[in-house]
Every structure is written in structure tokens, then in C-alpha cells.
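Observations on the three-dimensional arrangement
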Amino acid sequence: MSTTPDIIGLNFIDGKRVGENSTVLYSVDAVTKQRLAQAFVVASVSEVEAAVKAAQKAYPLFRNISSKKRAEFLDVIAQELEALGDEFIKVAVQETALPLARIQGELLRTSNQMRLFATVLRRGDFYGARIDTAQPQRAPLPKPDLRTYNIGLGPVAVFGASNFPLAFSVAGGDTASALAAGCPVVVKAHPGHLYTSEYVAGAICKAVERCQLPSGTFNMVFGEIETGEALVLNPAIKAVGFTGSLRAGRAICDLAARRPEPIPVFAEMSSINPVVVLPNALDVRGDVIALQLANSITVGCGQFCTQPGLILAIKSPELDLFIENLAKQISEKDAQTMLNSGVLQNYEMGVARLEIHPSVTLLAKGRESANSGSAMLFKADFKVLAEGDAIVQEEVFGPLSIIVEVEDKDQLTLAISKLRGQLTGTLLAEPEDLKTSAILITQLEEKVGRIILNGYPTGVEVCDAMVHGGPYPATSDSRGTSVGTLAIERYLRPVCYQDYPDEVLPEPLKNSNPLGLRRLVNGIQTEIAI
């Protein structure tokens with residue numbers, strides 16, 4: 001039977017609930033804007049230090065437990081998340097204005113993500129085991145025995161995201177992948193959903209207790225900018241996971257780089273996710289594309305990191321009709337309550353900047369409602385993009401998109417070359433379009449982390465093959481992904497053993513291969529013992 005614990009508003013540090021500070025935060029009803037009752041105590045500097053010290057103490061113990069036991073831990077977290085009761089679902093809806101079905105679906109995605117990383121741990125490929133056996137007779141110098149595998153970096157700081165209060169927050173992909181890697185976690189709860197964060201943190205701590213793991217394996221603190229800065233600057237933190245704005249993400253990156261020991265920051269920050277609509281696709285199904293694209297632009301009030309914020313297409317009568325249909329679809333969309341007043345204010349500021357730009361024209365505006373975000377469709381001159389004006393490349397987080405018309409494929413190629421790094425790039429194309437679009441695909445490969453054909457970017461499958469990352473400013477490090485099992489690689493580093501006797505080697509590197517791993521042995525992938 002599902003249960004929901006009481007909310008007390010205290011920080012989670014080393015298995016205890018603490019709060020010595022007089023400074024507090026309050027959550028807000030996203031619809032009524034009324035302050036909710038519970039005060040959440042901001043972690044003091046000493047409490048942030050205590051949380052990190054707890055994680056640091058837990059690290060050597062947690063990373064050295066078997067991958068099987070860590071997998072069991074992630075499975076138990078999933079169970080505890082799914083055991084959260086109706087009151088939890090209710091307050092998550094209240095804090096975010098996200099629909100009930102969205103919260104329920106996101107909870108399932110979050111628990112399944114834990115189970116997916118448990119599968120990774122049982123599979124063992126994350127170890128990346130490589131073995132080159134000794135060649136003592138080699139001339140002119142003997143070759144040593146060299147064996148490498150991956151270990152967790154150390155304590156990881158995770159910043160909860162606003163737009164996905166579950167899947168990218170306290171128990172989201174950063175936390176799941178860090179714990180899977182053997183890294184204790186200190187989460188800074190997002191101030192936009194404090195109740196939701198406490199419920200989820202409580203579920204994880206209950207899993208820590210059930211699995212008899214070190215109490216510092218998971219910690220969570222409440223706070224704002226100063227709390228986050230103290231967390232990033234603490235010398236025991238070895239990596240940071242972040243999802244949010246470019247401004248905040250860049251500030252964290254710069255802060256981490258200025259430390260005496262710089263650390264990696266894996267920040268997902270800003271993307272306009274260009275959609276390229278090719279001529280034959282417009283001719284064959286332009287009306288359908290207009291309907292589907294309008295839905296993708298406005299789903300969830302556009303509060304997705306993969307929301308399509310830029311549309312590129314070649315001028316034609318079919319394009320004129322498509323724009324007319326898309327504008328009509330946008331104008332008929334209802335206004336939606338946004339996650340919080342700060343998100344709405346930033347959205348309105350972004351809209352205002354576009355409205356006063358001399359080379360940008362408003363084509364359509366959705367229905368209006370007080371304290372809500374209205375859908376918007378703009379058109380920008382090609383020169384704005386070609387000349388590097390930032391106005392069309394700044395993410396406006398909400399239900400808004402900009403169309404840029406180009407004269408021909410040469411201009412389309414130029415337009416794509418001017419794009420910054422993106423999470424996704426989409427081609428809407430017919431087979432005839434694809435025959436002449438190889439250069440566009442090659443260009444997109446250089447600009448984005450995921451190339452989509454005849455689909456829409458809103459929606460990220462959590463699986464082994466997913467890449468949810470991309471060149472700057474989409475992310476701070478394009479070599480990683482924040483969704484999918486490859487996310488674990490962000491929090492791992494290789495360690496090489498040279499000429500160690502078999503009996504003291506870590507299990508993934510022993511001759512007998514006790515874990516049954518597929519290893520690279522003398523250049524050959526094999527599961528056979530040496």
C-alpha cells in the first residue's frame with residue numbers, strides 16, 4: 001500500500017534531518033500563486049560542509065560494494081518512489097501546474113530509469129575492462145601486464161531542474177547515473193518544488209536504510225544561489241550535474257573552473273532544436289506537419305529542453321500555405337499555466353525582445369489568460385541568422401517558435417552552418433528530399449546530439465542508445481549525455497593496474513573473470529577467462 005511521509009522542511013544530511021538556519025524558503029501553488037504552509041530551512045554553510053563530508057566518508061565504502069548490491073539499491077529506490085502516495089502526486093501537481101497524468105508518467109519514468117541503471121550494473125559493461133597481458137620476452141624491452149577498469153569519480157553535486165520535477169530532479173538521471181557509478185550524491189533541491197523534492201529525498205533515504213548502505217550515500221540540501229556556490233566550491237565534490245538556464249549553467253561551469261582543483265560540470269543549458277522542413281515533405285503533407293509541429297511547440301507549455309524553437313524552410317507557395325496553417329494552429333492554442341512565476345516572467349521578457357526587433361515579425365499568438373503563457377509564432381529575416389544576430393538563437397523557454405525562410409538549399413546550408421550547438425536537429429523529409437540532403441545531415445551531425453527524421457524532438461526515450469546532449473551551449477560537455485545509460489560515463493574515470501598479482505586485482509580484472517564480463521583482452525573482445 002502506498003504511503004506518503006510527513007513534510008518537515010529540514011535538510012537531509014548523513015541520514016539525519018537537520019536545519020539550524022533561520023532563513024527559510026516557501027513553495028508556491030503554481031496556479032493560485034499562494035504560498036504553501038511548510039517552511040523549508042535553507043542549509044547553512046556548515047550544513048553544506050557536513051553534507052559533503054558525509055558523502056566523502058561514504059565514497060570509499062559505497063564505490064567498493066559489488067555492482068550487484070548497487071543494482072539492488074537502485075531497484076529499492078524505484079520501489080520506494082512508486083510507494084509514494086496520492087498526497088505526493090497531488091502536491092507535485094500543485095507546485096508545478098503540470099497535469100496529473102504528466103506527473104504520474106514522469107514518476108514511472110523516474111523509477112524505470114533507476115531500474116535501467118540497475119540493469120547496466122548487472123551487465124557490467126560500464127567497467128570498460130581492458131587487459132594487456134605481459135610479454136616478458138619482448139625485445140628490446142619487456143611489456144608489463146596492464147589492466148584498466150572504471151571507478152566512480154567521487155561525491156557528485158546535483159542541481160534539481162524546474163521543468164521535470166522528478167525525471168531531472170532529486171532522483172533524476174544525474175542522481176541515478178552517479179549512484180550507479182558508485183558516487184555518493186549531494187542534491188540541491190530546486191526551490192520551485194520543495195515539497196516534491198522532500199518526498200523524493202525521503203524515498204531515497206529510506207532505500208539507503210533498507211540496503212544498509214553508508215548514511216552519507218545520499219544527501220539533499222535546501223537553498224538558493226549561495227547554497228549552490230558552496231556546494232560547487234567544496235573541494236570534496238568531484239563533479240556536478242545540472243539542468244537549467246545557460247546563465248546559471250555557465251556560472252556553475254566558471255565557478256568549478258576557478259577552483260584550485262577544477263572539476264567537470266555536466267550542464268544541460270540551452271537549445272532551440274531546429275526543425276528543417278524540406279520541399280517534398282511540405283508538398284505531400286504540409287497540413288499534417290503544421291498540426292503536429294504546433295502540438296510539439298506547445299505541449300507542456302513549451303517547457304521542454306527539446307521544444308522546437310526554430311523552423312527552417314525554403315521559400316515556395318507550399319511554404320506560404322504551411323505558414324498560414326501553422327499560424328492558425330498556434331492562434332487556436334489555449335494559454336497554459338507555467339511552472340512558476342519566474343519561468344513566466346522570463347518567457348514574457350523573451351517574447352518582448354522579439355516583438356521589438358526590427359527584423360522579426362509576429363505571425364500568431366495563442367489565446368490569452370492571466371498569469372499564463374500564450375503560444376507565439378514569429379518570423380525572422382534570413383539575414384538575422386546569417387549575420388549572427390543572437391536574437392533567433394536565444395532560447396525562449398516556453399511555447400514559442402521562429403520561422404526563417406531561405407531562398408534555396410545553398411542558403412539553407414548557410415543557415416545551418418550558423419547555428420550554435422543543439423540537443424536535437426530534425427529533418428521533415430520525403431525519400432526524394434533525402435536523396436539530395438546528405439550535406440544537411442552531415443551539418444546537423446556537427447551541430448546536434450540527436451538527429452531526428454520525420455518525428456518531433458519533444459520526447460526523450462530513456463534507453464541505451466539515447467543521446468541527450470550536444471555541442472555548447474546545449475551542454476557544457478558534448479561528450480556526454482544526461483539521458484540514457486551512457487550517462488554513467490560522465491561520473492567514471494579509468495584506473496590502470498600494472499604488474500599486480502591476480503589475487504589483489506579488482507574482480508573485473510582478475511584472470512578468472514568472476515563477474516563474467518565481456519572484456520578487451522589483448523585486443524580481442526571475449527568473456528573467456530585468461
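The rules we used
- Residues numbered from 1 in each chain as written.
- Predicted model: local features only at pLDDT ≥ 70, side-chain atom pairs only at ≥ 80, totals over all residues.
- Heavy atoms only, no water.
- Core = buried A, V, L, I, M, F, W, Y, C linked by side-chain atoms within 4.5 Å.
- Buried < 20%, exposed > 50% of the residue type's maximum accessible area, 1.4 Å probe, protein only.
- Helix = DSSP H or I, 4+ residues; strand = E, 2+ residues; numbered from the N terminus.
- Contact = heavy atoms within 4.5 Å.
- Expected span 1.5 Å × (residues − 1).
- Salt bridge = Lys/Arg side-chain N within 4 Å of Asp/Glu carboxyl O.
- Domains from an automatic or database assignment.
- Buried area = accessible area lost by both parts, 1.4 Å probe.
- Nonpolar A, V, L, I, M, F, W, Y, C, P; charged D, E, K, R; others polar.
- Phe/Tyr/Trp six-rings, centres within 6.5 Å; stacked < 30°, edge-to-face > 60°.
- Lys NZ or Arg CZ within 6 Å of the ring centre and 35° of its normal.
- Pairing = 2+ DSSP bridges.
- Axes fitted to C-alpha atoms, helices over the stretch in contact; angles between N-to-C directions.
- UniProt positions renumbered as here; feature names shortened; annotations may be inferred.

Considering the nonpolar core
In terms of nonpolar packing, the biggest core is built from 113 residues, with F73, L74 and F218 touching the most fellow members. Ranked by residues supplied to this core, first place goes to helix 6 (residues 194-210) with 10 residues. If sequence neighbours within four positions are ignored, F73 has contacts with F62, L179, I204, A207, V208, C211, L213 and T217. Ranked by size, the runner-up nonpolar core spans 24 residues in total, among them V52, A157, I237 and A267.

With respect to helix 4 (residues 100-123)
Here helix 4 spans 35 Å end to end across 24 residues, near enough to the 34 Å set by a 1.5 Å rise per residue. Where helix 4 ends, the next residue or the one after it, G124, has phi of about 85 degrees, a positive value.

Digging into the pattern of salt bridges
Where charged atoms from two side chains of opposite charge come close, those side chains can pair. Counted under the stated rule, the structure contains 24 salt bridges. Residues R115 and E82 are paired through a salt bridge, measuring 2.8 Å at the closest nitrogen-oxygen approach. Pair noted here: R115 is in helix 4 and E82 is in helix 2 (residues 67-82), with a separation of 33 residues, a long-range link. Residue D174 pairs with R490 through a salt bridge whose shortest N-O separation is 2.9 Å. Of the two residues, D174 sits in helix 5 (residues 173-181) while R490 sits in the loop between strand 18 (448-453) and strand 19 (492-498), which places them 316 residues apart along the sequence. R490 shares its class with D174; the two are buried.

Section: the domain arrangement of the protein
Segmenting the protein into domains produces domain 1 (8-269 + 482-489) and domain 2 (275-453). Here the C-alpha centre of domain 2 lies 33 Å away from the C-alpha centre of domain 1. Counting from both sides, the interface comprises 14 residues of domain 1 and, opposite them, 12 residues of domain 2. Interface area, domain 1 with domain 2, both sides summed: about 1000 Å², of which 58% is carbon and sulfur. Of all residues in domain 1, K33, N163 and E268 give up the largest surface area on contact with domain 2, accounting jointly for 41% of the area buried on that side. One can count zero salt bridges joining domain 1 with domain 2. Here the side of domain 1 that touches domain 2 is built from residues that sort into six nonpolar, four polar and four charged.

Some thoughts on unusual backbone geometry
Along the chain, A139 connects to P140 via a cis peptide bond; the corresponding omega equals 10 degrees. Residue position: P140 is located in the loop between strand 5 (130-132) and strand 6 (146-152). With an omega dihedral of 10 degrees, the bond running from Y472 to P473 counts as a cis peptide bond. One non-glycine residue, C301, lies in positive phi territory at about 55 degrees. Classification of C301 as buried rests on a relative accessible area of 1%.

A look at the packing of aromatic side chains
Each pair of aromatic rings is reported with the distance of its centres and the angle of its planes. The tally for this structure, following the rule as stated, stands at 12 aromatic pairs. Ring centres of F266 and Y491 lie 5.6 Å apart, and the angle between their planes is 85 degrees; on these two criteria the pair is classed as edge-to-face. With F266 in strand 11 (residues 265-268) and Y491 in the loop between strand 18 and strand 19, this pair connects stretches of sequence that are 225 residues apart. Of the residues examined, F266 reaches a relative accessible area of 12% and is grouped as buried. One aromatic cluster is present, built from ring pairs that chain together F126, Y127, Y149, Y497 and Y500. One residue, R17, lies across the ring of F12, its end atom 3.7 Å from the ring centre. The lysine or arginine in question, R102, covers the ring of F164, its NZ or CZ lying 4.5 Å from the ring centre.

Examining the sheet that holds strand 17 (residues 422-428)
The strand order 14-15-16-13-12-17-18 describes an open sheet built from seven strands, whose pairing is mixed. Edge positions in the sheet fall to strand 14 (360-365) and strand 18, since each of these pairs with one other strand and no more. Each strand of the sheet is rotated relative to its neighbour by a mean of 20 degrees, with strand direction disregarded. Each of strand 13 (310-314), strand 14, strand 15 (376-380) and strand 16 (400-406) touches helix 10 (residues 317-331); the most contacted strand, strand 14, lies at about 55 degrees to it. Here helix 11 (residues 341-355) sits on the sheet in contact with strand 14, strand 15 and strand 16, set at roughly 35 degrees to strand 15.

Topic: the UniProt feature "domain: Aldehyde dehydrogenase" (unreviewed entry) in the protein
In the UniProt entry, the feature "domain: Aldehyde dehydrogenase" (unreviewed entry) is given for residues 27-462. For residues 27-462, the end-to-end C-alpha separation is 29 Å, with 45% helix and 18% strand making up the annotated structure.

Looking at helix 3 (residues 86-96)
Those residues of helix 3 lying buried are F88, I89, V91, A92, E95 and T96. Buried residues belonging to helix 3 abut strand 3 (24-28), strand 4 (35-41), helix 4 and helix 6.

Observations regarding the sheet that holds strand 20 (residues 519-521)
Read from one edge to the other, the open sheet built from five strands follows the order 19-6-5-20-21, with strand pairing classed as mixed. Where the open sheet ends on each side, the last strands, each with one partner, are strand 19 and strand 21 (524-526). For this sheet the average axis-to-axis angle between neighbouring strands, irrespective of direction, equals 25 degrees. By the bridge criterion, three bridges tie strand 5 to strand 6 in an arrangement that is antiparallel. When the bridges of strand 6 are listed, R130 appears paired with T148.

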